[in-house]
Amino acid sequence: MTPVWLFLAQRLTALILAPLVIAHLAMILIVADGGLTAAEILARTRGSVGWGLFYGTFVLAAAIHGPIGLRNVIQEHTPWRGRSLDAAMLLLGGLLATLGGRAVVAVVGEP
Amino acid sequence: MPQRANQTVLDVVTWIQRHAEPALAYRFACRVGVCGSCAMTVNGRPRWTCRTHVSRVARERRLRIEPLRNLPRLKDLAVDMTPFFEKWQRAQGRFTPTRTRAEPMAAVRPDSAPRRAADAGIECINCGVCHAACDVVGWDPDYLGPAALNRAWTLVNDVRDGDRHGVLKAASAGGGCHSCHTHGSCVEHCPVGINPTAGIAGLKRQSLLDLVGGGLP
Ligand code: SF4
Ligand code: SF4
Ligand code: FES
């Protein structure tokens, strides 16, 4: 991956994440305000293609966006560079995608 | 030391060397803002000392004069500019000719967009002030810095250059234009009014365009 690709990927995922984060936060507020229970929420999300896409995209974008940014920060503030850093960031991206993916399945998947 | 009208910071340093500390090391040449060799940190900010009037920067009649930031100090107020010019080379900040002197001069329209973009950054005097003002240069030893990238941007826009793709590639490699935070400290401090941030943004844009096939001719 050249720096140009990483730069592009980070800007694109930022574009995707911005509205999703706002929608996600707005939803939390609305849900908390409406006093929905976990069971009521799950009843709405289970089996929903829309929610699956919403949170699937969210997790994927975050898993790409986060490690690229963290890699920049690490390169700026520590001497860590090169392959080991790239590998660590790939691993982090994979971890975020896996954990996030599990959460999406838990919310959207049929039990 | 005696106070004079229109006294510059460089005058002060020179007075100190002549009258108080003969071993003081510092650098200057033209004294009129052309050569770019006299930059130092004055009251915490990088400045060209030959064109900086004491009356404008002294705080309560005090001046604190230090060497330029982000470059290794050689002695007293003189820093080693080698890393600065090495980065200049790493960014391929040098002209690649396509004609010999026997051939006629290339005709370049002064009002064409690329020429105007190049002209905006061409008057750099290599003083290193922006390099010293940039936090990212201080954090990341690989970062090419505003001066080298500004130079690269002028070459990317110079239609006479024989390797503009090479320049763009060098300037957008690791530690290149994509490491810039766009916070504009370089613009704020450049004594000749160059805007390296704009040039670096141009490099980012051009490198993205190149990626999707709409790049340099
Ligand atoms: S805009 Fe970029 S080059 Fe200029 S000071 Fe900030 S990080 Fe450095
Ligand atoms: S861009 Fe401005 S501050 Fe930077 S080296 Fe050139 S003249 Fe000096
Ligand atoms: S001495 Fe030449 S620019 Fe200051």
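Everything that follows concerns the structure shown earlier in this document.
Everything in this summary refers to the structure shown in the same document. (Residues numbered from 1 in each chain as written. Chains lettered and ligands numbered in written order. Predicted model: local features only at pLDDT ≥ 70, side-chain atom pairs only at ≥ 80, totals over all residues. Heavy atoms only, no water.)

**Side note on the packing of helix α7 (residues 146-156) of chain B against helix α8 (residues 164-171) of chain B**
All names here are of chain B. The cut-off we apply is this: Note on geometry: axes are lines fitted to C-alpha atoms, helical ones only across the stretch in contact, with angles between N-to-C directions running from 0 to 180 degrees. Secondary structure follows DSSP: runs of H or I at least 4 residues long count as helices, runs of E at least 2 residues long count as strands, and numbering of each begins at the N terminus. Small angles under 35 degrees read as roughly parallel and large ones over 145 as roughly antiparallel, with 65 to 115 read as roughly perpendicular and the rest as oblique. Note on convention: near helix rotated counterclockwise from far helix by under a right angle means a left-handed crossing. Clockwise means right-handed. We call two residues in contact when some of their heavy atoms are within 4.5 Å. Amino acids are sorted into nonpolar (Ala, Val, Leu, Ile, Met, Phe, Trp, Tyr, Cys and Pro), charged (Asp, Glu, Lys and Arg) and polar (every other residue, Gly among them).
Contact geometry for α7 and α8: axes closest at 9 Å, N-to-C directions at 155 degrees. When the interaxial angle is binned, α7 and α8 end up roughly antiparallel. Seen along the crossing, α7 lies across α8 with a hand that is left-handed. Mapping the contact onto sequence places L149, A152, L155 and V156 in α7 and R164, V167, L168 and A171 in α8. A class-by-class count of the residues in the contact of α7 with α8 yields seven nonpolar, no polar and one charged.

**Side note on the packing of aromatic side chains**
The condition that has to hold: Ring pairs shown here join Phe, Tyr and Trp side chains whose ring centres sit within 6.5 Å, with only the six-membered ring taken for Trp; geometry is labelled stacked below 30 degrees between planes, edge-to-face above 60, and tilted in between. Categorising residues by exposure relies on relative accessible area from a 1.4 Å probe, with only protein chains included: less than 20% of the type maximum marks a residue as buried, more than 50% marks it as exposed, and the intermediate range marks it as partly exposed.
Inspection of the entire model under this criterion finds nine aromatic pairs over all chains. Where Y55(A) meets F58(A), the ring centres are 6.1 Å apart and the plane angle is 15 degrees; that geometry is what we call stacked. On the criterion of helical spacing, the pair formed by Y55(A) and F58(A) is a turn pair, its members being three residues apart in helix α3 (residues 49-77). For F58(A), a relative accessible area of 16% puts it in the buried group. Consider the rings of F85(B) and W88(B), whose centres lie 6.0 Å apart with planes at 50 degrees: the pair is tilted. Of the two residues, F85(B) and W88(B) are both situated in helix α3 (residues 82-90); the distance of three residues between them amounts to about one turn of the helix. With relative accessibility at 34%, the residue F85(B) sits in the partly exposed group. Overall, W88(B) belongs to the buried group, its relative accessible area being 8%. Each residue in the set W51(A), F54(A), Y55(A) and F58(A) is aromatic and connected to the rest through ring pairs, giving one cluster.

**Observations regarding empty space enclosed by the protein**
Residues and elements named next belong to chain B. This is how the line gets drawn: The definitions used throughout rest on a 1 Å grid laid over the protein atoms alone, on which a cavity is an enclosed set of points accommodating a 1.4 Å probe that cannot get out and a pocket is an open set flanked by protein within 12 Å on both sides along at least five of seven lines; lining residues are those having an atom within 4 Å of a point. Grid points are joined across faces, edges and corners, and a volume is the space filled by probe spheres set on the points.
Using the criterion set out here, one finds two cavities of 30 Å³ or more in the structure. Empty space within the largest cavity amounts to approximately 100 Å³. Around the largest cavity, the lining comprises 15 residues; the ones closest to its centre are C124, C127, C130, C190 and I194. For the lining of the largest cavity, the secondary-structure elements that each account for two or more residues are α5 (129-133) and α7. For the second largest cavity, the calculated volume is near 70 Å³. Taken together, 13 residues form the lining of the second largest cavity, with C134, Y143, C180, H183 and C186 sitting closest to its centre. Residue assignment for the lining of the second largest cavity shows that the elements contributing at least two residues are α9 (185-189) and α10 (196-211). Partitioning the lining of the second largest cavity into residue classes produces seven nonpolar, six polar and no charged.

**Describing the sheet that holds strand β1 (residues 39-42) of chain B**
Selection rule: Following DSSP output, two strands are said to pair if at least two bridges run between them.
With antiparallel pairing, the three strands of this open sheet are ordered in space as β2-β1-β3 (chain B). Each edge of the open sheet is held by one strand with a lone partner, namely β2 (45-48) and β3 (65-66) of chain B.

**Brief notes about a nonpolar patch on the surface**
Residues and elements named next belong to chain A. What counts, and what does not: Within the patch definition used here, like charges are joined within 9 Å and nonpolar side chains (Val, Leu, Ile, Met, Phe, Trp, Tyr) within 5 Å, considering only residues with over 30% relative accessible area and no salt bridge. We get accessible surface area from the Shrake-Rupley algorithm with a probe of 1.4 Å; when it comes to residues, only the shown protein chains can shield them. The salt bridge definition used is simple: a Lys or Arg side-chain nitrogen within 4 Å of an Asp or Glu carboxyl oxygen.
A surface patch of nonpolar side chains, about 280 Å² in accessible area, is lined by L12, L15 and I16. Note on placement: L15 falls in helix α1 (residues 3-34). Judged by its relative accessible area of 61%, L15 is exposed.

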